[in-house]
Amino acid sequence: MNRKIILLLSLVSSTYFFAQSIEGKVTDLQNKPATETEVLLTKADTKFSAITDENGMFKIPLKEDGNYILEIIKDGVKTNSENITVKGNSKKDIQLKEAPVEQKLEGVTLTARKKLFERKVDRLVFNVENSVASQGIDAVEALAKTPMVRATDDAISIAGKSNVAVMINDRLLNLNGQELINYLKTIRSDDILKIEVITTPPAKYEAEGKSGLINIVLKKNSSLGWNGSIQTSGSSYWGRPTTSTRSGATFNYQGEKLSITSNLSIGDNYWENRSYNYLTGTTDNNYWKTNSINTNNYRYKGGGLKGEYKINDKNLVGFNYNYSFSNPIERGESKASIFDKDGYLDVASNFNNRNRRNIHNASAFYDVKIDSSGSKLSLTANMMLNNSNARNFYNTITSDIVSTFANPVSEYRIYSGQADLEKNFGKIKTEAGLKYTKIKNDSEFNFFNIENDQYILNTKRTNTFFYNEQNYAAYASANFKINDKWDAKAGLRYEYTTLEGISMNDDSSAKIKYGKLFPTAYISYKPNENHAFSINYSRRISRPYFGNLNPFKFYVSELEYSTGNPYLLPSFSDNMEFGYVLNNNFNVTLYYNKTKDDWDRIQVVEGKSKYSIVKNFFNEDQTGINISYNYNKLKWLESNVFVNAFYSKTKSYDPTAIAAPKGYSANFNVDNNFFLNKSKTLTLMLGLWSNLPNRDGNTYYFANTSVYTGMKLNLIEKKLLINLYVNDILNTNRNKGIEYYPNYDVEYYNKGITRNLYLSVTYKFGNNNVKGATKEVKFEESKRAGGGN
């Protein structure tokens, strides 16, 4: 009885004190009732709210008339926000907006929980912050959990692409190879907002490479202050009395105007490779069978400094600088058995190489906002200096011993400048830009015969090679927001290249000039929240690495050497993709690539010599499908599954190489994370990847598989991170294949020390919300300095 009286008094008092109200209906984009949706009204420090019923209806009593902020929150996501005026009993119907809204209220930011996967018009987005399994690891490990991406401590790749470039906040990293991996390991996944996989890069980016782009977007600075982290890691190898180590430190500062980020790293990596190369005649009984063992002690150190200064709300300037130094020691020995028309010959050889490489990357940028709609002008300048010097000793043993010494010296110089303009016109966003690049490579190869401990210059093998290249580029593109469901984007890039290579030894030169157009087009369709479709097209160019243009003969014995080809031409590819995302966690991509004038390194036997040379010799068609799925229905498990299946067909137009047989292939990854406690700070990891037999050019590759497991532990509110892995548990990771030629086949095999125990410890201190300077500068040409011979 007392409860009924209290309820009656409450209703009476409510009617007296709340003489005003607002009521209405909330619907979704299909005009269906939006049930269990929160409607929130705010005035000064007072809030009033209601939850919609099964018909989408709501009613909120108010104390007084006046101006209010109305907000709609659906499934924890704020979709609508507007100012309204209430007078008496008001009625207002509301339709949910598609995009979540972010607005600060009382110093607190309501952040929408985004989907795990999103299909944009020109890229696939993986929202790292929504993946529990992707927290407490470094950027390389986070990339390994990204759909379509494979990332290891050795390389990063995208399925169906020959190479990949990595960006931070839409600006390309000026790093390659091990330097890139080392830098990414300094970035924690907790600082990553999302990873964008761009399989067909738009016109804004270089047309270089049958490749894709990976854009790592860091979280915005949310507070002022500083933080830092220190990390150390090491790998122990089964059956090897050695370890690989790495240590690093980062520091970030965020002020009102100035942001600074710095990092240092040092490492000593050990690598061993056992291989064989069996050349067997198909038209005679000749053979050339070689067994080798090589070791590499890769010692490096490096650091970087980035700074940004916010002049005002419209102007931002900054710089990036990275330096790396490495002096690896490479040793190896091999034994070869040779049989030809002159009979049988045993050859033993060994080498001891000491290299020194200094790489400087410097960039500067200036960004200016030119209007309130987000239009922006960016000016960028880049410079890369790469100096290398080696002391290589070789011994060839037959009936006697021939000792030689080689001293290759290389100096790469890359300079570029560009201007990019983004201009928005309502639903149309446009981009346009200009770029100039100058590449200069002066290489010197000094070759000596060693006789009685004396170095005698071999003028026939000593050579100087000069390489000069200039690239001019212009592009324009537009993004059209047709309606809430349809998006379109189209662009056109023009690149004009002049290059010249001069070999002083044989007084030869090669001059090439060419200009090409590279169109891109994208269409996306999103009928509702559960489905997204896209289709795109791009044309690409792959220019040779500098080392592959150098005609130096790099001898590994008196009978074997490798050489470059100054007449090597670029290859071109046409790429089409159709993408589909279901329920924001199941992604399917159909693709087709057609490549013309592709190149690879082939092996040639001439008399008593065997050498390898890079040549344009084949065209290739590849059709495939990528499927990725994230399973997170259980609280204690998050799994990522990725499958890439394809059919490839190659045609060789060079009589010195035979195309590999056409056929089907596939590769897949399975990555499982088992959470062992409720707070998900202790995780058991178990995964595997596998490549089925495939073919490319004149090579057939055998299947390959690797299994890993490990533990991940987050302590002290995620300040202390400990990861323990066992890689390649079954010791099955190796490369094996067959190369096809008219008169012989070459079977090769490479096996490294891939089974190892890896431990890393990272400690973060300071304000975790500070990210420091986050912009990177586009510098696509820097990756061409890699690859070499």
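Up top is the structure these notes are about.
To start, this report covers the structure provided alongside it.

Thresholds, definitions, all that
Residues numbered from 1 in each chain as written. Predicted model: local features only at pLDDT ≥ 70, side-chain atom pairs only at ≥ 80, totals over all residues. Heavy atoms only, no water. Helix = DSSP H or I, 4+ residues; strand = E, 2+ residues; numbered from the N terminus. Buried < 20%, exposed > 50% of the residue type's maximum accessible area, 1.4 Å probe, protein only. Contact = heavy atoms within 4.5 Å. Areas by Shrake-Rupley, 256 points an atom, 1.4 Å probe, with all protein chains shown as cover. Pairing = 2+ DSSP bridges. Patch = residues over 30% accessible without salt bridge, like charges linked within 9 Å, V, L, I, M, F, W, Y side chains within 5 Å. Salt bridge = Lys/Arg side-chain N within 4 Å of Asp/Glu carboxyl O. Phe/Tyr/Trp six-rings, centres within 6.5 Å; stacked < 30°, edge-to-face > 60°. Lys NZ or Arg CZ within 6 Å of the ring centre and 35° of its normal. Polar contact = N/O pair within 3.5 Å; in protein donor to acceptor, adjacent residues only side chain to side chain. Core = buried A, V, L, I, M, F, W, Y, C linked by side-chain atoms within 4.5 Å.

1. A look at the overall build of the protein
Phase 1 of the analysis: Regarding its fold elements, the protein presents three helices and 48 strands.
Phase 2 of the analysis: In the protein, which comprises 789 residues, the proportion classed as buried is 51%.
Phase 3 of the analysis: For the protein, long-range pairs separated by at least 24 residues make up 65% of all intrachain contacts whose partners lie at least 6 apart in sequence.
Phase 4 of the analysis: Put simply, the protein shows about 36,100 Å² of open surface, and 56% of that area lies on carbon and sulfur atoms.

2. Describing the pairing of strand E40 (residues 663-675)
Phase 1 of the analysis: Note: strand E39 (residues 637-652) against E40, twelve bridges, orientation antiparallel. Within the sheet, the bridge partner assigned to Asn 640 lies in E40 and is Asp 671.
Phase 2 of the analysis: Bridge count between E40 and strand E41 (residues 682-691): nine bridges; the pairing is antiparallel. Paired with Asp 671 across the two strands is Gly 687, which belongs to E41.
Phase 3 of the analysis: Between E40 and E41, which pair antiparallel one after the other, the connecting turn spans six residues, and Lys 680 there sits at a positive phi close to 60°.

3. A look at a nonpolar patch on the surface
Phase 1 of the analysis: On the surface, a cluster of nonpolar side chains totalling about 950 Å² of accessible area is made up of Phe 425, Ile 428, Phe 480, Ile 482, Trp 486, Ile 523, Ile 535, Met 576, Phe 578, Leu 590 and Tyr 592.
Phase 2 of the analysis: Those elements that provide at least two residues to the nonpolar patch are strand E36 (571-582) and strand E37 (586-606).
Phase 3 of the analysis: Here Phe 425 is to be found in strand E27 (residues 401-425).

4. Structural notes on the pattern of salt bridges
Phase 1 of the analysis: With the rule as written, the count across this model stands at 26 salt bridges.
Phase 2 of the analysis: The partner of Glu 272 in a salt bridge is Arg 274, and the shortest N-O contact between them spans 3.5 Å.
Phase 3 of the analysis: The salt bridge partner of Arg 493 is Glu 495, with a shortest N-O separation of 2.8 Å.
Phase 4 of the analysis: The network of salt bridges with shared partners includes Asp 122, Arg 123, Lys 194, Glu 196 and Lys 489.

5. Brief notes about the packing of aromatic side chains
The geometry of an aromatic ring pair is captured by two quantities: the separation of the ring centres and the angle between the planes.
Phase 1 of the analysis: Following the criterion strictly, the structure yields 36 aromatic pairs and no others.
Phase 2 of the analysis: Measuring from ring centre to ring centre gives 5.5 Å for Tyr 700 and Phe 702, while their planes differ by 90°; the resulting arrangement is edge-to-face.
Phase 3 of the analysis: Following the ring pairs from residue to residue traces out a cluster consisting of Phe 445, Phe 447, Phe 554, Tyr 555, Tyr 561 and Tyr 611.
Phase 4 of the analysis: In this arrangement the basic side chain of Lys 289 is found over the ring face of Tyr 278, its NZ or CZ atom lying 5.8 Å from the centre.
Phase 5 of the analysis: The ring of Tyr 287 carries Lys 289 above its face, with NZ or CZ at 5.2 Å from the centroid.

6. Side note on the side chain of Asp 420
Phase 1 of the analysis: Assignment of secondary structure puts Asp 420 in strand E27.
Phase 2 of the analysis: Judged by its relative accessible area of 7%, Asp 420 is buried.
Phase 3 of the analysis: Separated by 2.9 Å, the side chains of Asp 420 and Gln 418 make a polar contact.
Phase 4 of the analysis: Within the local environment of Asp 420, its side chain forms a polar contact with the side chain of Tyr 475, the two groups lying 2.6 Å apart.

7. Focus on the environment of Leu 634
Phase 1 of the analysis: Turning to its location among the elements, Leu 634 is positioned in the loop between strand E38 (609-631) and E39.
Phase 2 of the analysis: By relative accessible area, which is 33% here, Leu 634 ends up partly exposed.
Phase 3 of the analysis: Distance in space between the C-alpha atoms of Leu 634 and Phe 674 is 9.8 Å, their sequence separation being 40 residues.

8. Some thoughts on the nonpolar core
Phase 1 of the analysis: If you look at the biggest cluster of nonpolar residues, it comprises 43 residues, and the most contacted ones within it are Trp 288, Tyr 467, Ile 541, Phe 546 and Ile 602.
Phase 2 of the analysis: Broken down by element, the residue count for this core peaks at five residues, all from E38.
Phase 3 of the analysis: Counting 37 residues, the second largest nonpolar core, distinct from the first, contains Ile 156, Ala 532, Met 685 and Tyr 758.

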